[in-house]
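# Structure assessment
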Amino acid sequence: MWELLALLLLILAYFFWPTVKSPGAKYPKSLPSLPVVGSLPFLPRNGHPHVNFFKLQEKYGPIYSMRMGSKTTVMIGHHQLAKEALIKKGKDFSGRPQVMSLDILSDKQKGVAFADYGAAWQLHRKLVLATFTLFKDGNQKLENILCQEISSFCDFLATQNGQSIDLSLPLFLAVTNIICFICFNTSYKNEHPILNTIRRYNEGIMNSLGKSSMVDVFPILKIFPNKTLETMRNAVKIRNDMLNEIYEKYKKNFSSDSVTNLMDILLQAKMNTSNNNTGSDQDSKLLSDRHILATIGDIFGAGLETTTSVVKWTVAFLLHNPQLQKKIQEEIDQNVGFSRTPTISDRNHLVLLEATIREVLRIRPVAPTLIPHQAIVDSSIGEFTIDKGTHVVVNLWALHHNEKEWHRPDQFIPERFLDPTRSQLISPSLSYMPFGAGPRSCVGENMARQALFLFMSWMLQRFDLEVPDDGQLPALEGIPNVVFLIDSYKVKIKVRQAWKEAQGEGSA
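Described below are features of the structure shown in this document. (Residues numbered from 1 in each chain as written. Predicted model: local features only at pLDDT ≥ 70, side-chain atom pairs only at ≥ 80, totals over all residues. Heavy atoms only, no water.)

### With respect to the side chain of His373
The topology assignment puts His373 in strand β5 (residues 373-374). Among the residues examined, His373 registers a relative accessible area of 6% and is labelled buried. One polar contact links the side chain of His373 to the main-chain carbonyl oxygen of Phe93, over a distance of 2.8 Å. Look past the residues within four positions of His373 in its chain and what remains in contact with it is Leu86, Phe93, Ser94, Gly95, Arg96, Pro97, Thr390, His391, Val392 and Arg440. (Helix = DSSP H or I, 4+ residues; strand = E, 2+ residues; numbered from the N terminus. Buried < 20%, exposed > 50% of the residue type's maximum accessible area, 1.4 Å probe, protein only. Polar contact = N/O pair within 3.5 Å; in protein donor to acceptor, adjacent residues only side chain to side chain. Contact = heavy atoms within 4.5 Å.)

### Here we look at the sheet that holds β5
Spatial ordering of the open sheet is given by β1-β2-β3-β8-β5, a layout of five strands whose pairing is mixed. Whereas interior strands pair on both sides, the edge strands pair on one side only; in this sheet they are β1 (29-30) and β5. By the bridge criterion, two bridges tie β5 to strand β8 (residues 391-394) in an arrangement that is antiparallel. Each residue of the ladder has a partner; that of Gln374, found in β8, is His391. (Pairing = 2+ DSSP bridges.)

### A short note on the pattern of salt bridges
Throughout the structure, instances matching the rule amount to 22 salt bridges. A salt bridge links Glu248 to Lys251; its shortest N-O distance comes to 3.4 Å. Separated by three residues within a single helix, Glu248 and Lys251 lie in helix α9 (residues 227-253), roughly one turn from each other. By relative accessible area, which is 32% here, Glu248 ends up partly exposed. Each member of the salt-bridge network shares a partner with another, and the members are Glu248, Lys251, Lys270 and Asp289. (Salt bridge = Lys/Arg side-chain N within 4 Å of Asp/Glu carboxyl O.)

### With respect to the sheet that holds strand β10 (residues 491-495)
The strand order β4-β10-β9 describes an open sheet built from three strands, whose pairing is antiparallel. Where the open sheet ends on each side, the last strands, each with one partner, are β4 (164-165) and β9 (463-466). Contacts between helix α6 (residues 142-159) and the sheet are confined to β4, β9 and β10, with β9 contributing the most and set at about 65° to the helix. (Axes fitted to C-alpha atoms, helices over the stretch in contact; angles between N-to-C directions.)

### Remarks on the nonpolar core
In this structure, Phe184, Ile296, Phe300, Val315 and Phe455 are the most contacted members of the largest nonpolar core, which totals 119 residues. Examining the composition of this core, we find that 14 residues originate from one element, helix α12 (residues 289-320), more than from any other. Ignoring any residue separated from it by four or fewer positions in sequence, one finds Val315 in contact with Leu167, Met456, Met459, Leu465, Tyr489 and Val491. (Core = buried A, V, L, I, M, F, W, Y, C linked by side-chain atoms within 4.5 Å.)

### Regarding the environment of Ala85
Mapped onto the elements, Ala85 comes out in helix α3 (residues 79-88). For the pair Ala85 and Val392, spaced 307 residues apart in the sequence, the C-alpha separation amounts to 8.5 Å. With residues near it in sequence (within four places) discarded, Ala85 still touches Ile76, Gly90, Phe93 and Ile381.

### Points about the packing of aromatic side chains
Throughout the structure, instances matching the rule amount to 12 aromatic pairs. For the pair Phe153 and Phe455, a centre-to-centre distance of 5.4 Å together with 80° between the ring planes defines the contact as edge-to-face. Of this pair, Phe153 sits in helix α6 while Phe455 sits in helix α16 (residues 445-462), placing them 302 residues apart in sequence. We note that Phe153, like Phe455, is buried. Aromatic rings pair up to connect Trp313, Phe317, Trp397, Phe412 and Phe484 into one cluster. The positively charged end of Arg362 is found above the aromatic ring belonging to Trp406, 5.3 Å away from the centroid. The residue whose ring lies beneath Arg440 is Trp121, and the NZ or CZ to ring-centre distance is 4.2 Å. (Phe/Tyr/Trp six-rings, centres within 6.5 Å; stacked < 30°, edge-to-face > 60°. Lys NZ or Arg CZ within 6 Å of the ring centre and 35° of its normal.)

Dropping the structure here:
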């Protein structure tokens, strides 16, 4: 018994003892570290991780390291160092760490979000970017798709006039339909079972990702039962079964003469590799059905929670700042009026609304620590050596809350994004990158920015968003996850009197 225990400890020590570093190299200052457990005992246990990592900069500087099990993680909290890692040396740090929970979610690092650097990731990212070019013009223009769903969303809100509601579900349904259209040219009525399936599996995935699992730090623990991972597996199975059913039906009717969405782009690429004898074996593997489903799953995952979450954060901050809401509505009234609905071209005129959205993305970034990167070669950041295999995390929260970069960073001040005349948008700091940067930047940034602007401008043109009769304001602390979520809250929907009168005149 004791011999077995001693052998196990020796094996653990072998795998988890800090590796010998290159002689003469200068490494970032490190948190204390113990064999096997690494720096875990020295990390704060309470509070949000991104805030705690920011506070640690006071002692360890804007770049420091820690041991997480057998791996070294470097934390970056300054924009110059972040841009060096993400842009200047973006390829060096374009890998993704392999962790148990994300392996389940990504079918062992397939797709685009969690895939490691390599031919498969490069190909699928290129195909996703090609998909968005399909929606630049014509009937399929992204703006038209967005407006169609936002119109239905606002029509629903109008039926809730005078009521206090949680926006989560109607928002979720609208954004889901937008993504369904981009992925396979389909949208669904609110009661459709596919929408309920997407909602169910999405909740399972987000709940799993919200619970830190030690098996991600110590993979050896996978031999033990794990409820969080089981929840993740079940949710991913529901997602994959649903997407696979849609995919199999879609394949039967696919025509290369009509390429209009992500599914078409992926199937067209798959067909091209099958018809091309040169190197087709390798390319065919990269476009297997499992790779295709993983990429479609990523677009759903990336688009759903991010857009719905930021809209809910924006409404929450407006409830806390009713005078700001009135000013934005005055801006909409003057520049758009009531005879038409806002369009993307109005972004240049609705500068206070655009500044408000930018400030929400600053003060409550979608992903406060981005998705971790991994060094795929020996490299450096600033004056420090970064060994191949090191995990690299950019603390966006630190960049967006640095007092040297932002005036009163903990205060919600949209005007910081406007010039002194408040007529032009400005970039007040280089320490702002809400969608990341470089090779791993968010592929859906343009779609997200358009969606946020149109959701908010359409809502504020038609409705006053008020605190419920019980006076309960939304909590602004948030829930850290892969996406920075907001606690559920209710908002009172009231059709604006000016909108009513304008519609009455129109009908007369």
